[in-house]
Amino acid sequence: MKNKLTQYPLILLFSITLACFILFGIGACAAGLRSMRETYKETGSISPVSFESGYNSSMPMKRVLVQLNGRLQHTLGHRMLNKTYRMSDEHLTEVFEAYDPSDCAWETIRFRDALAEIGIPVIFISTPVKLMPDDSTLPIGIEDCSNVNMDRFLTLLRKADIEVLDLREGIADWKDFFYRTDHHWTAEGGLLGAIELMNYLGLRDPEYAVDPIVLDPDQYSREVYEQSYLGSYGRRVGPGFVGIDDFTLVRPLFETRLHSEIPSKDVVKEGDFTEALLYPEIMEGDDPYTNRYIVYGTLEPLMTIDNESTSANLPVQSADKRILLINDSFGVMTSPFLALGYNHVCHIDPRTFEGTPLDAVKEYQPDIVLIQYAPFVFGDDENCRQLFILM
């Protein structure tokens, strides 16, 4: 009798989920078919994409259904949902197959050689991912090749004498600095990565040494928004699968004066760190589906940040260097803190930037170029094509 009673909630949850999918799915399918019909009238071809678009936009209570399904899958003990894996520590991730990074390495070498002709050094930086090489939290039989792919790539770069900084080294568990429901590192992780980078640059060349206050994690405040963020993986599977993340805003405690520009949006901002870089309105409301990750505002084709601490005669001075950071979306949490150490930082994302990184070098005239990518950029050919067309 006890075993039967314990099964009733599970049976009820399954029944409700199934009924909701049937009830609401019929209407959404009809909308998808209408969308396909309209596309056929306009183009003369049948497009599955148009069906998916119509289906998704017309599914009533879509979030509720996703949440119910996620809760059901978790209750059943399932570890994979919508190509997303639930690790044994309740982090979400995806996995990537082995990839030959030779073409990407060759493009990076060509880019380095072109910049060497004009006297600008290049450093490639590998950010960490939450799945470190010795991680054993994936379901049995599931393997991720992200780190192997990056290791192969870095080996090719080192053989070509390209300078490399591997942020995966030296920290026992980077996973502590990642959201459970997202593939990105947190603001705390971005700060730590920027500090590691600035330390490296200063040891490499004293002219790049920054004020020790900028390098001290205790000189930054933390403001925690509890249960407020559902990352990219979490939005795939719903909050019922592993829950919702806290989101922490990290800001300098020391006085700052910055000027930022995003040309693609005609945005010009200036003031202290918050006024010049943050978009506080993104933190408003209690909808965890809001993309809080872009609160720092650098998920754009190009953003420039000028540190005016010297001209404003502030106690914490920045080094007089121009940094060009070529980055994927991890740069959202790197550029703002890097800009606290140097007078000028330009951040570009090659996937959306009009032109090539070499064009940006010619226009911006940096003292050094940093290419910072995460290991899973080698997940598919299209991603590599966009990120490694450097010139």
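Shown above is the structure to which this text applies.
Remember, it's a predicted structure, so these values are computed and weren't measured experimentally.

**Some remarks on helix α6 (residues 187–204)**
Link 1 in the chain: Its 18 residues place the ends of α6 25 Å apart at the C-alpha level, agreeing with the 26 Å of an ideal helix rising 1.5 Å per residue.
Link 2 in the chain: The complete set of buried residues in α6 reads Ala187, Gly189, Gly190, Leu191, Leu192, Gly193, Ala194, Ile195, Leu197, Met198, Leu201 and Gly202.

**Details of the environment of Met150**
Link 1 in the chain: When you line up the elements, Met150 lands in helix α5 (residues 146–159).
Link 2 in the chain: Judged by its relative accessible area of 0%, Met150 falls in the buried class.
Link 3 in the chain: Separated by 16 residues in sequence, Met150 and Asp166 have C-alpha atoms that sit 9.7 Å apart.
Link 4 in the chain: Dropping the residues within four chain positions of it, Met150 is found in contact with Phe124, Ser126, Arg168, Tyr373, Ala374, Pro375 and Phe378.

**Re helix α11 (residues 381–388)**
Link 1 in the chain: Among all positions of α11, only Asn383, Cys384, Leu387 and Phe388 are buried. The buried residues of α11 occupy an angular sector of 105° when projected down its axis, which confines them to one face.
Link 2 in the chain: Those residues of α11 that are buried lie in contact with α4 (102–116), α5 and β13 (368–373).

**Focus: the nonpolar core**
The tendency in soluble globular proteins is for nonpolar side chains to be buried as a group.
Link 1 in the chain: With 60 residues, the main nonpolar core has Tyr296, Phe337, Leu338, Tyr342 and Leu370 as its most contacted residues.
Link 2 in the chain: Core analysis: the next-biggest nonpolar cluster, separate from the first, contains 35 residues, Cys104, Leu115, Ile348 and Val369 among them.

**Things to note about the packing of α4 against α5**
Two quantities define a packed helix pair, namely the angle between the helix axes and the distance between the axes.
Link 1 in the chain: In contact at an axis separation of 9 Å, α4 and α5 are set at 35° when each is read in the N-to-C sense. Between α4 and α5 the crossing geometry is right-handed. Along its contact with α4, which presents Ser102, Cys104, Ala105 and Thr108, the element α5 presents Phe153, Leu156 and Leu157.
Link 2 in the chain: For the contact of α4 with α5, a count of residues per class yields 5 nonpolar, 2 polar and no charged.

**Some remarks on the pairing of strand β8 (residues 258–262)**
Remark: a regular strand shows side chains that alternate across the two faces of the sheet.
Link 1 in the chain: The element β8 is extensively covered by neighbouring structure, given that 4 of its 5 residues are classed as buried.
Link 2 in the chain: Pairing of β8 with strand β9 (residues 267–271) involves 5 bridges; the strand directions are antiparallel. By the bridge assignment, Leu258 is partnered in β9 with Gly271.
Link 3 in the chain: Counting the residues between successive antiparallel strands, the hairpin from β8 to β9 contains 4 residues, one of them, Asp266, with a positive phi of roughly 55°.
Link 4 in the chain: Both β8 and strand β10 (residues 302–307) contribute to a ladder of 4 bridges, which runs antiparallel. Within β10, the residue paired with Leu258 across the bridge is Asn307.

**Brief notes about the pattern of salt bridges**
Side chains that carry opposite charge are capable of pairing whenever their charged atoms lie near each other.
Link 1 in the chain: For the structure shown, the criterion picks out 17 salt bridges.
Link 2 in the chain: Residue Arg112 is joined to Asp113 by a salt bridge in which the shortest nitrogen-to-oxygen separation is 2.8 Å.
Link 3 in the chain: Residue class for Arg112 comes out buried when judged on its relative accessible area of 17%.

**Some details on the sheet that holds β10**
Link 1 in the chain: If you trace the 8 strands from one edge of the open sheet to the other, you get β5-β4-β13-β11-β12-β10-β8-β9, paired in mixed fashion. Of all strands in the sheet, those with a lone pairing partner are β5 (163–166) and β9, marking the two edges. Averaged over all adjacent pairs, the angle separating strand axes in this sheet is 15°, with direction ignored.

**Side note on the packing of aromatic side chains**
Link 1 in the chain: Considering all chains together, one arrives at 22 aromatic pairs under this definition.
Link 2 in the chain: Note on Tyr229 and Phe247: the rings are 5.5 Å apart at their centroids and 80° apart in plane angle, and the pair reads as edge-to-face. One end of the pair, Tyr229, is in strand β6 (residues 220–229); the other, Phe247, is in strand β7 (residues 245–252), and 18 residues separate them in sequence.
Link 3 in the chain: The exposure class assigned to Phe247 is buried, which follows from its relative accessible area of 0%.
Link 4 in the chain: Here the aromatic cluster, defined as three or more aromatic residues joined through ring pairs, consists of Phe96, Trp174, Phe177, Phe178, Trp185, Phe330 and Phe376.
Link 5 in the chain: The ring of Tyr279 carries Lys269 above its face, with NZ or CZ at 3.8 Å from the centroid.
Link 6 in the chain: Positioned above the aromatic ring of Tyr208 is the side chain of Lys321, whose terminal nitrogen or guanidinium carbon lies 4.9 Å from the ring centre.

Parameters and conventions
Residues numbered from 1 in each chain as written. Predicted model: local features only at pLDDT ≥ 70, side-chain atom pairs only at ≥ 80, totals over all residues. Heavy atoms only, no water. Helix = DSSP H or I, 4+ residues; strand = E, 2+ residues; numbered from the N terminus. Expected span 1.5 Å × (residues − 1). Buried < 20%, exposed > 50% of the residue type's maximum accessible area, 1.4 Å probe, protein only. Contact = heavy atoms within 4.5 Å. Arc of directions from axis to C-beta. Core = buried A, V, L, I, M, F, W, Y, C linked by side-chain atoms within 4.5 Å. Axes fitted to C-alpha atoms, helices over the stretch in contact; angles between N-to-C directions. Left-handed = near helix turned anticlockwise from the far one by under 90°. Nonpolar A, V, L, I, M, F, W, Y, C, P; charged D, E, K, R; others polar. Pairing = 2+ DSSP bridges. Salt bridge = Lys/Arg side-chain N within 4 Å of Asp/Glu carboxyl O. Phe/Tyr/Trp six-rings, centres within 6.5 Å; stacked < 30°, edge-to-face > 60°. Lys NZ or Arg CZ within 6 Å of the ring centre and 35° of its normal.

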